[in-house]
Amino acid sequence: MEREVLKQKLAELVNNEETAAPLDDLLLSMLPYIGDPDPILRDRLIYGLAGNWITEGLVPPALMIRILEELLTERFLFKEEKYTRSFTTLWIAAILYRHKREAFLPSALTGRVHESLLAYIRQETAGEGYDETYGWSHTLAHAADALDELIQLDELSDDQRRQLAEVIINKMAFSYHVLSHEEDERMTIAIHSVLRNGLSPDTVGCMIKEKTTVVIALWPEVTEANLRIRTNFKQFIRSLYFCLSDFPSLKKTLYECEQLFSGIYHKKPSS
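All residue numbers refer to positions counted from 1 along the written sequence of the respective chain. Reporting of local features is limited, given that this is a predicted model, to residues whose pLDDT is at least 70; pairs of side-chain atoms are given and counted only at 80 or more, and all residues count toward the totals for whole chains, interfaces and linings. To obtain the side-chain values, all non-hydrogen atoms of the structure were included, while hydrogens and water were left out.

1. Brief notes about the overall build of the protein chain
By definition, any uninterrupted DSSP run of H or I lasting at least four residues is a helix, any uninterrupted run of E lasting at least two residues is a strand, and each is numbered from the N terminus. Each helix and strand counted, the protein chain has 12 helices and 2 strands in total. Ordering the α and β elements of the protein chain from the N terminus gives α-α-α-α-α-α-β-β-α-α-α-α-α-α. A globule of 271 residues ought to have a C-alpha radius of gyration of about 18 Å, and the protein chain, at 20 Å, matches this closely. With the C-alpha coordinates aligned to their principal axes, the bounding extent of the protein chain is approximately 75 × 40 × 30 Å. Two residue types count as positive, namely Lys and Arg, and two as negative, namely Asp and Glu; His and chain ends fall outside the count. Lysine's charge is taken at NZ, arginine's at CZ, aspartate's at CG and glutamate's at CD. Charge-centre separation for the protein chain: the mean point of 30 positive side chains lies 6 Å from the mean point of 41 negative side chains. Every radius of gyration here is taken over C-alpha atoms, with the globule rule written as 2.2 Å times N^0.38, N being the number of residues.

2. Observations concerning the packing of helix α8 (residues 158-171) against helix α10 (residues 201-217)
Lines fitted to C-alpha atoms define the axes, with helix axes restricted to the stretch in contact, and inter-axis angles between N-to-C directions lie between 0 and 180 degrees. Viewed as axis vectors pointing N to C, α8 and α10 meet at an angle of 30 degrees, and their least axial separation amounts to 10 Å. Relative to α10, the element α8 is oriented roughly parallel. The two elements α8 and α10 cross, and the hand of that crossing is right-handed. Contact residues: α8 offers Arg162, Ala165, Glu166, Ile169 and Asn170, while α10 offers Thr203, Val204, Met207, Ile208 and Lys211. Ten residues, namely Ala, Val, Leu, Ile, Met, Phe, Trp, Tyr, Cys and Pro, are considered nonpolar, four, namely Asp, Glu, Lys and Arg, are considered charged, and the remaining ones, Gly among them, are considered polar. Broken down by class, the residue content of the contact of α8 with α10 amounts to 5 nonpolar, 2 polar and 3 charged. By the definition adopted for this analysis, an angle is roughly parallel if under 35 degrees, roughly antiparallel if over 145, roughly perpendicular if from 65 to 115, and oblique otherwise. Two helices that cross are described as forming a left-handed crossing if the nearer one is turned anticlockwise from the farther one by less than a right angle, and a right-handed crossing if clockwise. Here a residue-residue contact requires only that any non-hydrogen atoms of the pair lie within 4.5 Å.

3. Some words on the pattern of salt bridges
For this document, the term salt bridge refers to a Lys or Arg side-chain nitrogen within 4 Å of an Asp or Glu carboxyl oxygen. In total, this model carries 15 salt bridges according to the counting rule given. Taking the shortest distance from any N to any O, the salt bridge between Arg186 and Asp145 comes out at 2.9 Å. Remark: Asp145 occurs in helix α7 (residues 139-151) and Arg186 occurs in helix α9 (residues 183-196); sequence separation between them is 41 residues. Each residue's exposure class comes from its accessible area (1.4 Å probe, protein chains only) as a fraction of the maximum for that residue type: buried when under 20%, exposed when over 50%, partly exposed otherwise. Since its relative accessible area comes to 24%, Arg186 is described here as partly exposed. Between Arg162 and Glu166 there is a salt bridge whose closest N-O contact spans 3.4 Å. Of this pair, Arg162 and Glu166 are both found in helix α8, 4 residues apart, which corresponds to roughly one turn of the helix. Exposure remark for Arg162: the relative accessible area of 28% places this residue in the partly exposed category.

4. What to know about helix α12 (residues 248-262)
Compared with the 21 Å implied by 1.5 Å per residue over 15 residues, the 20 Å span of α12 between its first and last C-alpha is a close match. Check the buried side of α12 and you find it contacts α9, α10 and α11 (224-243). What a helix is expected to span follows from its residue count: subtract one and scale by 1.5 Å.

5. Describing the environment of Glu70
Positionally, Glu70 belongs in helix α4 (residues 61-71). Glu70 gets classed as partly exposed once you look at its relative accessible area, which sits at 24%. Linking Glu70 and Leu31, residues 39 residues apart in sequence, is a C-alpha distance of 9.2 Å. Not counting the four nearest positions on each side in its chain, Glu70 is found in contact with Leu31, Arg75 and Phe76. Identification of polar contacts relies on pairs of N or O atoms within 3.5 Å, with a donor-acceptor requirement for protein atoms, meaning one able to donate a hydrogen and the other able to accept it, and with residues adjacent in sequence counted only if both atoms are side-chain atoms. Of the polar contacts made by the side chain of Glu70, one reaches the side chain of Arg75; its length is 2.7 Å.

6. Concerning the packing of aromatic side chains
Centres within 6.5 Å make a pair out of two Phe, Tyr or Trp rings, where for Trp the six-membered ring is used; the pair is then stacked when the planes are under 30 degrees apart, edge-to-face when over 60, and tilted otherwise. All told, the structure shown has 8 aromatic pairs when counted by the stated rule. Ring centres of Phe233 and Phe236 lie 6.1 Å apart, and the angle between their planes is 50 degrees; this geometry places the pair in the tilted category. Within this pair, Phe233 and its partner Phe236 are both found in helix α11, separated by 3 residues, close to a single helical turn. In terms of burial, Phe233 and Phe236 fall into one category: buried. Their ring planes at 85 degrees and their centres at 5.3 Å tell us that Tyr241 and Phe242 sit as a pair that is edge-to-face. In this structure, Arg230 packs its charged tip against the face of Trp219, placed 4.4 Å from the ring centre. Here Lys251 stacks its cationic end above the ring of Tyr241, 4.2 Å away from the centre of that ring. By definition, being over a ring means that NZ of Lys or CZ of Arg is both within 6 Å of the ring centre and within 35 degrees of the ring normal.

In structure tokens, the structure reads:
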């Protein structure tokens, strides 16, 4: 469907609070534009409608499988253009949310989602949040939503959840931008899900301590990248601390790690 025709049709659906029927052709027409630079089309219309249709159970499982297989390709999740990558993960999150309730995805496909998201997170370098002209990019926050849904799937193994926790912890030592749009809080929710789904707090604590050691070791060399890494990871630790009230031993570890970064500012005056 031509872009302007699609935008007009979707706007009519939003304004009239209608659901298009059938959805198959319309959803497939929306896919090529999920990273469109127009934030109204990309966010409010395409993702807003598709996300609701998927999570509300209006999209048939066969179509969701077809869409998910397409989303995991270089045309979407691994595309060079950041808005497509970012909004691809939101579509993936919606499909995983639906699968969590209806269990329609083949095991091989959930395994592929796990491997694809691991690979994607490791290589993502766009850390921008919001732009006045182009709206949300928010790659890491959107990815956190997909990771959180994936972590909650019953078919995931403990080792797969451990891999996801590790990739999140490593990614939050982010060197490309100062993360200023609550990416740390969204990733914290995913870590909380890892813990609630059985990963040991001691395992997560060891990962955080190891990464803290690596980040602190960078400090003698003052570069813009090292300063961003330090700022981002320290903020992530603080967000985890306030989120994980039901894991007191891990909170203790987080406090100790935070003090390694910030203890210099909290020294008691000598008597």
